Each structure stands twice: as structure tokens, then as C-alpha cells.
Amino acid sequence: VQLVESGGGLVQAGGSLRLSCAASDRTVSNNAMGWFRQTPGKEREFVASVGWRGSPTNYASSVKGRFTISRDNAKNTVFLEMNSLEPNDTAVYYCAASRHSTGLSIQTVSTWGQGTQVTVSP
């Protein structure tokens, strides 16, 4: 399976973006999926995850209340709605599929997307 992200770009602080991650087939429809992000010189960090049925959802404390993750299994797509963006949200965002039906961490990732750049200007 391949994961292809889209929706990244440049936005001003306080603005919004919606990331999409399309899976090439239904292989991951029964797996948890989510998003990580990475900035130069830093480790890739967890952002959000969603179970195979659309729940449970989990968020990093830094994005809770601002980001919302969802999925549409009929379209093999996961979304990340990002609101009230801050310059610290600037990073390459990676979509990921878990080996498990719920729960996603660096250790459980089976497939990565290629990443999409999100830049938030002050």
C-alpha cells in the first residue's frame, strides 16, 4: 500500500489547513492511522491518530483542541484539520498506518507517506 499526503502549504498564524492522506488500496482500512511531523534536526513526533472505526482518537498535547483527525474508509482517506495554526506547527507532516487496529506510535508504524510541508508564518 502507498500513502499519499496532500494539502500542505504556507499559511499565516491563526489560519487553517486541511491535510489529506489517501491510501492506494483498502489494505489499511482495518488499521489505525495518523500523523507525525518533523522539523530539521529533530526527531519525528506524534501528532494524532484514529482507530480503524474512526475512534478512538488521540492527540499530542501541543495540538489538542486545535487539530482534528478523521477518516473516511469508503475513500481510504485520513484527514487532519488544523486550526489556529502557530509558527511552531511548521514541519513536514507524515501520514502513517499502524500495524494494529487501534493505537499508533513510532514503534507500530507499518507504512509511511512521503510527507507534505506545512509552513506557518508569524
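Preceding this paragraph is the structure being described.
It should be emphasised that the depicted structure is a prediction, and the values quoted were computed from it without experimental measurement.

Cut-off values and rules
- Residues numbered from 1 in each chain as written.
- Predicted model: local features only at pLDDT ≥ 70, side-chain atom pairs only at ≥ 80, totals over all residues.
- Heavy atoms only, no water.
- Helix = DSSP H or I, 4+ residues; strand = E, 2+ residues; numbered from the N terminus.
- Rg over C-alpha atoms; globule rule 2.2 N^0.38 Å.
- Buried < 20%, exposed > 50% of the residue type's maximum accessible area, 1.4 Å probe, protein only.
- Areas by Shrake-Rupley, 256 points an atom, 1.4 Å probe, with all protein chains shown as cover.
- Polar contact = N/O pair within 3.5 Å; in protein donor to acceptor, adjacent residues only side chain to side chain.
- Contact = heavy atoms within 4.5 Å.
- Pairing = 2+ DSSP bridges.
- Axes fitted to C-alpha atoms, helices over the stretch in contact; angles between N-to-C directions.
- Core = buried A, V, L, I, M, F, W, Y, C linked by side-chain atoms within 4.5 Å.

*Asks:* Could you give me a rundown of the overall build of the protein, with the residues and numbers involved?
*Replies:* Within the protein, the secondary structure is distributed over zero helices and eleven strands. A globule of 122 residues ought to have a C-alpha radius of gyration of about 14 Å, and the protein, at 13 Å, matches this closely. By its C-alpha atoms, the protein is 40 × 30 × 25 Å across when sized along the principal axes. Counting every position in the protein, which comprises 122 residues, the buried fraction comes to 44%. Accessible surface, the protein as shown: approximately 6100 Å² in total, 47% of it carbon and sulfur.

*Asks:* Give a detailed account of the side chain of Thr116, specifying residues and quantitative values.
*Replies:* Summarising the element assignment, Thr116 is placed in strand β11 (residues 116-121). There is a polar contact of 3.4 Å between the side chain of Thr116 and the backbone nitrogen of Gly8. Once residues within four sequence positions are removed from consideration, Thr116 is found in contact with Glu5, Gly8, Leu19, Ala91, Val92 and Tyr93.

*Asks:* Account for the sheet that holds strand β1 (residues 3-6), naming residues and giving values.
*Replies:* The strand order β1-β3-β8-β7 describes an open sheet built from four strands, whose pairing is antiparallel. Strands at the two margins of the open sheet, each flanked by one partner only, are β1 and β7 (67-72). Each strand of the sheet is rotated relative to its neighbour by a mean of 15°, with strand direction disregarded. Pairing of β7 with strand β8 (residues 77-82) involves six bridges; the strand directions are antiparallel. Directly across from Ile69, in β8, lies its bridge partner Leu80.

*Asks:* Explain the environment of Glu5 to me, using residue names and the numbers behind them.
*Replies:* Among the secondary structure elements, Glu5 is positioned in strand β1. Its relative accessible area of 5% is what places Glu5 among the buried residues. Glu5 sits 72 residues away from Thr77 along the chain, and the two C-alpha atoms are 9.5 Å apart. At 3.0 Å, the side chain of Glu5 forms a polar contact with the backbone nitrogen of Gln114.

*Asks:* An account of the nonpolar core is needed here, citing residue identities and associated values.
*Replies:* In this structure, Trp35, Leu80, Met82 and Tyr93 are the most contacted members of the largest nonpolar core, which totals 27 residues. For this core, the elements supplying multiple residues, two or more each, are β3 (17-23), β4 (33-38), β5 (45-50), β7, β8, β9 (91-98) and β11. For Met82, the residues in contact, after removing those within four places along its chain, are Gly15, Ser16, Leu17, Leu19, Arg66, Phe67, Tyr93 and Val118.

By themselves, these observations are geometric and do not establish any function.
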